[in-house]
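Fold and geometry: a report
In case you want the letters, here they are:
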Amino acid sequence: MTKEKREYLKDIISVKKLAQRVGMNATYLSSILNNQKQPSIILARLLTHEVNVLLESPYFTIQDFNPKDK
């Protein structure tokens with residue numbers, strides 16, 4: 001995830017709240033957002049969906065959470 005998108009995400013929802021919404025650990029989510037860990041495609045899709053639900057139009061893509069998946 002780019003720094004710009006990471007900052008935008010932080011303005012939308014806290015890491016802790018997003019982690020709760022998708023049923024995962026906030027520390028692990030933070031590692032994903034900081035490009036230190038790679039989530040499964042299923043988790044990347046879930047994160048993309050949950051974040052985009054908060055917006056009026058889709059902004060985040062699966063590649064933001066898992067750059068290797070398309």
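Bear in mind that the values here come from a model prediction, so they are computed numbers and not experimental data. (Residues numbered from 1 in each chain as written. Predicted model: local features only at pLDDT ≥ 70, side-chain atom pairs only at ≥ 80, totals over all residues. Heavy atoms only, no water.)

1. Remarks on the environment of Q36
Mapped onto the elements, Q36 comes out in the loop between α3 (26–33) and α4 (41–53). Residues Q36 and A19, 17 residues apart in the sequence, show an inter-C-alpha distance of 16 Å. (Helix = DSSP H or I, 4+ residues; strand = E, 2+ residues; numbered from the N terminus.)

2. Some thoughts on the pattern of salt bridges
If you walk through the whole model with that rule in mind, you get two salt bridges. The salt bridge partner of D64 is K5, with a shortest N-O separation of 2.9 Å. With D64 in helix α5 (residues 62–65) and K5 in helix α1 (residues 3–12), this pair connects stretches of sequence that are 59 residues apart. Side by side, D64 and K5 carry an identical accessibility label, which is buried. R21 is paired through a salt bridge with E50; the nearest N and O atoms lie 3.0 Å apart. In this pair, R21 sits in helix α2 (residues 15–22) while E50 sits in helix α4, placing the two residues 29 residues apart along the sequence. (Salt bridge = Lys/Arg side-chain N within 4 Å of Asp/Glu carboxyl O. Buried < 20%, exposed > 50% of the residue type's maximum accessible area, 1.4 Å probe, protein only.)

3. Observations concerning the nonpolar core
Across soluble globular proteins, you tend to see nonpolar side chains buried next to one another. Counting 18 residues, the largest nonpolar core has L9, L18, M24, L29, L47, F60 and F65 as the members making the most contacts within it. Listing elements by their share of this core, those giving two or more residues are α2, α3, α4 and α5. Looking at this core, the element that brings in the most residues is α4, giving four residues. Contact partners of L29, with chain neighbours within four places excluded, come to V15, L18, A19, M24 and L47. (Core = buried A, V, L, I, M, F, W, Y, C linked by side-chain atoms within 4.5 Å. Contact = heavy atoms within 4.5 Å.)

4. Section: the packing of α2 against α4
It is at 10 Å that the axes of α2 and α4 come closest, and there the two elements cross at 120°. In terms of their interaxial angle, α2 and α4 are classed as oblique. The two elements α2 and α4 cross, and the hand of that crossing is right-handed. Together, L18, R21 and V22 of α2 and L46, L47, E50, V51 and V53 of α4 make up the contact between the two elements. Classifying every residue of the contact of α2 with α4 by side-chain character gives six nonpolar, no polar and two charged. (Axes fitted to C-alpha atoms, helices over the stretch in contact; angles between N-to-C directions. Parallel < 35°, antiparallel > 145°, perpendicular 65-115°, else oblique. Left-handed = near helix turned anticlockwise from the far one by under 90°. Nonpolar A, V, L, I, M, F, W, Y, C, P; charged D, E, K, R; others polar.)

5. Structural notes on α2
All of the buried residues along α2 are L18, A19 and V22. Axial view of α2: buried residues confined to an arc of 100°, hence all on one face. For α2, the exposed residues lying more than 90 degrees away from the buried face are K16, K17 and Q20. G23 sits one or two positions beyond α2 and adopts a positive phi of about 70°. (Arc of directions from axis to C-beta.)

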